[in-house]
Amino acid sequence: MKKVILMMVMCATALSMQAQKFALVDMDYIFKNIPAYERANEQLNQVSKKWQAEVDALQIEAQTLYKNYQNEVVFLSQEQKKTRQDAIMEKEKEAADLKKKYFGPQGELFKKRTALMSPIQEEVYNAVKDIADLRGYQLVLDRASDAGIIFGSPKVDISNEVLSKLGYSN
């Protein structure tokens, strides 16, 4: 009895799978072919390097203060030692705070990335959705992600169609 029910469920699943239409899209390929996305990426890289240089400069200052402290510690009074240690700790905290401000989960880089990339990503999403609705796809998978796609036929890849819909020819 259990085998019969299992076979019926498997047959129903197979029939429903055949009725569905699937498509693949390569989001990496699409984004690489959108100049605005590439410009935004470059802008993010430049600002990230600039901010990282600021953080690095503060960290180097803290390291220099520490090295100087180590070299002079035998000549310093207890009060001078305490003052130097506090200065080192303050510089390290300043560097950590700046790093968090720029690169933290809700930091400036995150906000800038969201502001620059979200409109482009939404435009691509809407183009994919429009094509899926037009062609009757129930599921569109991103072949660029690690979603476990072992093989995807180029016949169901709609990446070029998405680019065309967005106004980018290839």
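Residues numbered from 1 in each chain as written. Predicted model: local features only at pLDDT ≥ 70, side-chain atom pairs only at ≥ 80, totals over all residues. Heavy atoms only, no water.

Quick look at the overall build of the protein chain
Rules: A run of H or I in DSSP becomes a helix once it reaches four residues, and a run of E becomes a strand once it reaches two; helices and strands are each numbered from the N terminus. The classification of residues rests on relative accessible area computed with a 1.4 Å probe and restricted to protein chains. Under 20% of the type maximum is buried, over 50% is exposed, and intermediate values are partly exposed. A 1.4 Å probe and the Shrake-Rupley method give the accessible areas. Residues count as covered only by the protein chains that appear here.
Along its length, the protein chain carries six helices and two strands. Secondary structure elements of the protein chain, listed N to C terminal, follow the sequence α-β-α-α-α-α-β-α. Evaluated residue by residue, the protein chain yields a buried proportion of 24% over its 170 residues. Element-wise, carbon and sulfur atoms account for 57% of the exposed surface of the protein chain, whose accessible area totals about 12200 Å².

Points about helix 6 (residues 159–166)
Formally: Directions are taken from the helix axis to each C-beta atom, and the arc is the one they span. In this description, contact between two residues means that some pair of their heavy atoms is separated by no more than 4.5 Å.
Turning to helix 6, its buried residues number three or more, namely S159, V162, L163 and L166. Angular distribution of buried residues about the axis of helix 6 spans 100°; they occupy a single face of the element. Against the buried residues of helix 6 lie strand 1 (22–25), helix 2 (27–32) and helix 5 (108–135). Within two residues after helix 6, G167 carries a phi angle of roughly 95°, on the positive side.

Thoughts on the confidence of the model for the protein chain
Applied cut-off: For every residue, the predictor assigns a confidence score, pLDDT, that lies between 0 and 100.
Counting all residues, the mean pLDDT for the protein chain is 85, and 82% of those residues have values of 70 or more. A low-confidence stretch, residues 1–8 stays under pLDDT 50, and its non-local contacts, those more than four residues away or across chains, total zero contacts.

Focus on the pattern of salt bridges
It is possible for side chains of opposite charge to pair when their charged atoms get near one another. Stated precisely, the cut-off is as follows: Put simply, a salt bridge is a Lys or Arg side-chain nitrogen that is within 4 Å of an Asp or Glu carboxyl oxygen.
Within this structure, the stated rule accounts for eight salt bridges. Measuring nitrogen to oxygen at the nearest pair gives 3.1 Å for the salt bridge that ties D86 to K82. Separated by four residues within a single helix, D86 and K82 lie in helix 4 (residues 78–103), roughly one turn from each other. Note on D86: relative accessible area 34%, which makes it partly exposed. Its relative accessible area of 49% is what places K82 among the partly exposed residues. Residue K165 is joined to D130 by a salt bridge in which the shortest nitrogen-to-oxygen separation is 3.9 Å. Residue K165 is found in helix 6, and its partner D130 is found in helix 5; the two are separated by 35 residues along the sequence. What makes K165 partly exposed here is its relative accessible area of 45%.

A short note on the side chain of S159
Relative to the helices and strands, S159 resides in helix 6. Not counting the four nearest positions on each side in its chain, S159 is found in contact with L24, V25, D26, Y29 and I30.

Structural notes on the side chain of D26
Using the following cut-off: A positive count includes Lys and Arg, and a negative count includes Asp and Glu. His and the chain ends are not counted in either.
You can see D26 is positioned in the loop between strand 1 and helix 2. Although D26 is buried, it makes no salt bridge; R143 carries the closest opposite charge, 5.4 Å away. Non-local contacts of D26, meaning those with residues more than four positions away in its chain, are made with D142, R143, A144, D157 and S159.

Describing the nonpolar core
Rules: As used in this record, nonpolar core signifies buried Ala, Val, Leu, Ile, Met, Phe, Trp, Tyr and Cys residues forming a set joined through side-chain atoms within 4.5 Å.
In terms of nonpolar packing, the biggest core is built from 29 residues, with V25, I30, F31, I34, V124, I158 and V162 touching the most fellow members. Ranked by residues supplied to this core, first place goes to helix 5 with eight residues. Ignoring sequence-local partners within four residues, the contact set of V25 consists of I30, V128, V140, L141, D142, R143, A144, D157, I158, S159 and V162.

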